[in-house]
Amino acid sequence: MGKVALITGATAGFGEATAIRFANEGWDLILTGRRLDRLKNLQQQLKTASNRVEILNFDVRNETEVIAAISSLSEDLVGDLTVLVNNAGLAVGRGPMDEAVTDDWERMIDTNIKGLLYVSKAVIPLLKANGSGHIVNLASIAGKEVYAGGNVYCATKHAVDALSRSMRLDLVNFGIKVSNIAPGAAETEFSIVRFKGDEETANSVYRGFEPLKAQDIADAIFYVCNCPPHVTISDLVIMPTAQASSTVFNKKID
Ligand code: NDP
Ligand code: 8X3
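Presented here is a report on the structure given in the accompanying data block.

How each quantity is defined
Residues numbered from 1 in each chain as written. Chains lettered and ligands numbered in written order. Predicted model: local features only at pLDDT ≥ 70, side-chain atom pairs only at ≥ 80, totals over all residues. Heavy atoms only, no water. Near = heavy atom within 4 Å. Polar contact = N/O pair within 3.5 Å; in protein donor to acceptor, adjacent residues only side chain to side chain. Areas by Shrake-Rupley, 256 points an atom, 1.4 Å probe, with all protein chains shown as cover. Helix = DSSP H or I, 4+ residues; strand = E, 2+ residues; numbered from the N terminus. Nonpolar A, V, L, I, M, F, W, Y, C, P; charged D, E, K, R; others polar. Expected span 1.5 Å × (residues − 1). Buried < 20%, exposed > 50% of the residue type's maximum accessible area, 1.4 Å probe, protein only. Contact = heavy atoms within 4.5 Å. Salt bridge = Lys/Arg side-chain N within 4 Å of Asp/Glu carboxyl O. Phe/Tyr/Trp six-rings, centres within 6.5 Å; stacked < 30°, edge-to-face > 60°. Lys NZ or Arg CZ within 6 Å of the ring centre and 35° of its normal.

1. Description of the site of ligand 1
Taken together, 28 residues surround ligand 1, and among them Thr11, Phe14, Arg34, Tyr153 and Thr188 come closest. Ala12 places a main-chain nitrogen or oxygen 3.4 Å from an oxygen atom of ligand 1. With respect to ligand 1, the side chain of Arg61 contributes an N or O atom lying 3.5 Å from a nitrogen atom. Surface burial for ligand 1 is 96%, taken as the share of its 880 Å² of free accessible area covered by protein chains. Those elements that place two or more of their residues in the shell around ligand 1 are α1 (13–24) and α6 (151–171). Within the shell around ligand 1, the residues separate by chemical class into twelve nonpolar, ten polar and six charged.

See below:
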């Protein structure tokens, strides 16, 4: 069996770094996201004479688009599909519940929970047919703890944590591994998206300490996906050294 990984949200951050890491190790890739120009650029960058890189341009919130995209994959690629990285996700806004924009909640719930479910529902039958596989879900330290102003984002990541545990029960008899990855603060486009393009506020999140980089998470995902067949990393919390909990940081600010 070949090695094919499907990575959602490959146009930025963890997903892009994971695509690069897997491609460098000779894996074939199926990369997804909404920004087609970025997907095409990444495809050009990563495809070589010996590895395949397919791109699928869809919004994980739209189940019809998800099903159509996954159904469009060629049989030979699907036959070698081993890894699904459910990475696409976002936070939108941060503040008290009663002051929130309701549409921000819809975007987080629809992307982080329902999107992950739609993609998983479409891909799991393919892994079952292949007789083994591995699903990696990007949760967060926000799925282990809550913090002020994090309410709905934290709730969606607690849901991802619960879905990882549920999937493990559903899939254990099919030889499919499930890994939950829970990073702390990592500097990607995450805070730019969360603060709706306000770069000053986004940058302030990472001021005074060294946050995780996307490549740190990509390295961890690659490790988790390359353990021996009898070994599963079920749950991995990855923090910056300067972060002790979702709210406690060792910040050096002059
Ligand atoms: P980025 O904003 O850098 O990347 C997010 C990716 O998700 C993009 O590729 C984006 O692609 C994709 N995405 C978002 N919404 C959708 C959608 N509706 N349909 C399809 N794709 C979508 O963030 P990160 O790399 O930091 O985050 C990746 C995951 O890790 C998220 O689930 C996040 O919650 C989680 N996480 C992040 C942490 C951090 O501190 N950065 C810490 C812990 C967890 P496009 O816009 O092109 O669709
Ligand atoms: C992203 C990390 O702490 O900003 O999941 O929620 S945090």
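2. Remarks on the site of ligand 2
Inspection of the region around ligand 2 gives Ser140, Ile141, Ala142, Tyr147, Tyr153, Phe190 and Arg194 as its neighbouring residues. Note that an oxygen atom of ligand 2 is positioned 2.5 Å from one of the side-chain N or O atoms of Ser140. Here Tyr147 contributes a side-chain N or O atom positioned 2.6 Å from an oxygen atom of ligand 2. Here the shell around ligand 2 is built from residues that sort into five nonpolar, one polar and one charged.

3. Quick notes on helix α9 (residues 214–225)
Relative to the 16 Å expected for twelve residues at 1.5 Å per residue, α9 spans 17 Å between its end C-alpha atoms, a close match to the ideal helical length. Where α9 is concerned, the buried positions are Ala214, Ile217, Ala218, Ala220, Ile221, Phe222, Val224 and Cys225. Buried residues along α9 sit against α1, β4 (81–86), β5 (133–138), β6 (176–183) and β7 (235–238).

4. Some words on the pattern of salt bridges
The tally for this structure, following the rule as stated, stands at 15 salt bridges. Its salt-bridge partner being Asp80, residue Arg52 comes within 3.5 Å of it at the nearest N-O pair. Residue Arg52 is located in the loop between α2 (36–46) and β3 (53–57), and its partner Asp80 is located in the loop between α4 (75–79) and β4; the two are separated by 28 residues in the primary sequence. A single network of salt bridges, built from pairs that share partners, joins Asp28, Arg52, Asp76 and Asp80.

5. Side note on the packing of aromatic side chains
One pass over the structure, following the stated rule, counts four aromatic pairs. Centroid distance Phe22 to Trp27: 4.9 Å. Interplanar angle 75°. Geometry classified as edge-to-face. The exposure class assigned to Phe22 is buried, which follows from its relative accessible area of 0%. By way of ring pairs, the aromatic residues Phe22, Trp27 and Phe222 are connected into one cluster. The positively charged end of Lys251 is found above the aromatic ring belonging to Phe249, 5.0 Å away from the centroid.

6. Here we look at the side chain of Gln243
Of note, Gln243 is situated in the segment after β7. For Gln243, a relative accessible area of 6% corresponds to the buried category. Within the structure, the side chain of Gln243 is placed 2.8 Å from the backbone nitrogen of Ala185, a separation counted as a polar contact. Contact partners of Gln243, with chain neighbours within four places excluded, come to Ile141, Gly184, Ala185, Val248 and Phe249.

7. Focus on the side chain of Gln43
Secondary-structure assignment places Gln43 in helix α2. Judged by its relative accessible area of 15%, Gln43 falls in the buried class. In terms of polar contacts, Gln43 uses its side chain to reach the backbone carbonyl oxygen of Val53, at 2.7 Å. Contact partners of Gln43, with chain neighbours within four places excluded, come to Val53, Glu54 and Ile55.

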